[in-house]
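As a plain string of letters, each chain reads:
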Amino acid sequence: MSDIQRHHTNARMSRVVVHNGTVYIGGQTADDRSQDITGQTQQVLAKIDGYLKDAGIDKSRLLSAQVWLKDIESDFAGMNAMWDAWTSPGNTPTRATVESRLAAPDLLVEIAVIAAAN
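Calculation criteria
For every chain, the first residue of the written sequence is number 1, and numbering continues from 1 along that sequence. Only residues with pLDDT of 70 or above have their local features reported here, since the model is predicted, and side-chain atom pairs are shown and tallied only from 80 upward, although totals for entire chains, interfaces and linings are computed over all residues. Side-chain measures here rest on the full set of heavy atoms in the structure, leaving out hydrogens and waters. UniProt positions are given in the numbering used here, feature names are shortened, and annotations may be inferred rather than shown by experiment. A run of H or I in DSSP becomes a helix once it reaches four residues, and a run of E becomes a strand once it reaches two; helices and strands are each numbered from the N terminus. In this scheme, a helix's expected span is set at 1.5 Å multiplied by one less than its residue total. Three exposure classes are used, based on accessible area relative to the maximum for each residue type with a 1.4 Å probe and protein chains only: buried under 20%, partly exposed in between, and exposed over 50%. In what follows, a contact means two residues having at least one pair of non-hydrogen atoms within 4.5 Å. Throughout this description, a polar contact denotes any pair of N or O atoms lying within 3.5 Å of each other; where both atoms belong to protein, one of them has to be capable of donating a hydrogen while the other can accept it, and for residues adjacent in sequence the pair is counted only when both atoms sit in side chains.

- The protein chain is annotated in an unreviewed UniProt entry as Cytochrome C2 of Pandoraea oxalativorans.
- What the UniProt record of the protein chain gives under Sequence similarities (unreviewed entry) is the line "Belongs to the RutC family."

**So, helix α1 (residues 37–54)**
So, point 1. Here α1 contains 18 residues, and its C-alpha end-to-end distance of 26 Å stays within 8% of the 26 Å for a straight helix at 1.5 Å per residue.
So, point 2. Of the positions making up α1, those classed as buried are I37, G39, Q40, T41, Q43, V44, L45, I48, Y51 and L52.
So, point 3. Looking at the packing, one finds that the buried side of α1 touches β1 (4–9), β2 (14–19), β3 (22–28), β4 (62–69), α2 (72–86) and β6 (109–116).
So, point 4. The N-capping residue of α1, defined by a side-chain oxygen 3.1 Å from the backbone nitrogen of T38, is D36.
So, point 5. A positive phi of about 85 degrees marks G56, the residue just after α1.

Here it is, written out as structure tokens:
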């Protein structure tokens, strides 16, 4: 049986869980919610970069991503512009993007990823 490692844990959740060679990073949102979709997406991707680094890997190891947008019609292109600039060329993960009511009305995007550990 593989050990489960939990990082950045509080009473409700772990931000990162590593198990059996896979790194799971829970949904990330922007801290500065006054920013538009570009700014919020940049913040979220920076958080993901930090958690990947904590796990000893980088975005070239991504396997899958789930993206939730508050308003897909208004924000899909802006989020994609940031996503396309951020992803590792030739190493893009599978991805699903949907419109969803998020946890707070000023959140525009939330992203969760799964990556392969080294």
